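Working through the structure, step by step
Residues per chain, in single letters:
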Amino acid sequence: MPSCSHCGAPYPDAAATSCPRCGTLRAKSPTWGGGTTGQPTPSTHHTHPTRPTTPGYIRVGPTVLPRWLPWLLAVLLIGGGIAAYAVASSAPDSPAVDFPPSTTGPYTAPPTAPNPTAPDDLPTTPDPTPTADSPSALVERFYAAINAHDFATAWELGGKNIGGAAYGDWVAGYGTTRQITVSATGTTSPDKADAVVRALQNDGTVKVYQGTYTASGGTIVDAEITTR
């Protein structure tokens, strides 16, 4: 059975002039020279130089393809691109990756922890100033009243207990004293205070006394005074 020289499809009809599959024109039958030798005449054995296609087919180079095939390929390519774009758009964003700090860079000292105790929170030193009723405060008030010639107040603060004389004689005993300075006061016990007393005289001399004073009830009740 004769077949297409292009695609190899058989010709179902011996009178067919083109291939039923690809539409290629069927080659012309050879002319046998003289009809006696049984050999074909080469000059008369040829095919048509061009092979026009039938409706429904197109030629791409030497290949004949159905007209719908390129459209199918285009649809597939476009559909694949749309599908890939949809997948890429719907994919979740990749989480940010936190890389560990470089161990080869310059050394950075760790932050210094704040001082848990602020300067304002530091404990304060108790005020060394004696209270009004402490023995040291009574001694200072006693001699301050004498310097101010307020002998009545000094008498009530303890002069009547440690003066050793009547009020008039006690006051007269300070007639030659110009100024009294009390220093080195300190409390040796809850009711006692030590002090150094310097009495400047009218003639410019200074008498120095050292005493231990005992206080009770807001007044000086006793004193042990020696001359230095």
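Look up a bit, the structure's there.
Report follows, based on the coordinates. Since we're looking at a predicted model, the values are computed, not measured.

The N-to-C vectors of helix H2 (residues 135-147) and helix H3 (residues 151-162) enclose an angle of 125 degrees; their axes lie 8 Å apart at closest approach. Here H3 runs oblique to H2, going by the angle between their axes. Here H2 runs over H3; the crossing is left-handed. In contact with Leu 138, Arg 141, Phe 142, Ala 145 and Ile 146 of H2, H3 contributes Phe 151, Thr 153, Ala 154, Leu 157, Gly 158, Gly 159 and Ile 162.

Moving on: the nonpolar core. Formed by 19 residues in total, the largest nonpolar core has its most connected members in Val 139, Phe 142, Tyr 143, Ile 146, Trp 170 and Tyr 213. Mapped by element, the contributors of at least two residues to this core are H2, H3, strand S4 (192-201) and strand S5 (206-216). Ranked by residue count, the leading element in this core is H2, at six residues. Filtering out sequence-adjacent residues up to four positions away, Val 139 remains in contact with Val 182, Ala 193, Ala 195, Tyr 213 and Ile 220. In terms of nonpolar packing, the next biggest core, distinct from the first, is built from six residues, Cys 4, Ala 9, Tyr 11 and Cys 19 among them.

Next up on the list: a nonpolar patch on the surface. Together, Trp 68, Leu 72, Leu 73 and Leu 76 give the surface a local cluster of nonpolar side chains, amounting to about 430 Å² of exposed area. On the secondary structure map, Trp 68 appears in helix H1 (residues 68-90). Here Trp 68 falls in the exposed class, since its relative accessible area comes to 54%.

Attention shifts here to empty space enclosed by the protein. Using the criterion set out here, one finds one cavity of 30 Å³ or more in the structure. Taken as a whole, the largest cavity holds about 60 Å³ of empty space. Considering the residues around the largest cavity, the lining is formed by Ile 146, Asn 147, His 149, Phe 151, Tyr 174, Thr 177, Arg 178, Gln 179 and Ile 180. Of all the secondary structure elements, the ones that give two or more residues to the lining of the largest cavity are H2 and strand S3 (177-189). When residues of the lining of the largest cavity are assigned to their parent elements, the largest contribution, four residues, is made by S3. Classifying every residue of the lining of the largest cavity by side-chain character gives four nonpolar, four polar and one charged.

Criteria and cut-off values
Residues numbered from 1 in each chain as written. Predicted model: local features only at pLDDT ≥ 70, side-chain atom pairs only at ≥ 80, totals over all residues. Heavy atoms only, no water. Axes fitted to C-alpha atoms, helices over the stretch in contact; angles between N-to-C directions. Helix = DSSP H or I, 4+ residues; strand = E, 2+ residues; numbered from the N terminus. Parallel < 35°, antiparallel > 145°, perpendicular 65-115°, else oblique. Left-handed = near helix turned anticlockwise from the far one by under 90°. Contact = heavy atoms within 4.5 Å. Core = buried A, V, L, I, M, F, W, Y, C linked by side-chain atoms within 4.5 Å. Buried < 20%, exposed > 50% of the residue type's maximum accessible area, 1.4 Å probe, protein only. Patch = residues over 30% accessible without salt bridge, like charges linked within 9 Å, V, L, I, M, F, W, Y side chains within 5 Å. Areas by Shrake-Rupley, 256 points an atom, 1.4 Å probe, with all protein chains shown as cover. Salt bridge = Lys/Arg side-chain N within 4 Å of Asp/Glu carboxyl O. 1 Å grid on protein atoms, 1.4 Å probe; cavity = no way out; pocket = protein on both sides within 12 Å on 5 of 7 lines; lining within 4 Å. Points joined across faces, edges and corners; volume = space filled by probe spheres on them. Nonpolar A, V, L, I, M, F, W, Y, C, P; charged D, E, K, R; others polar.

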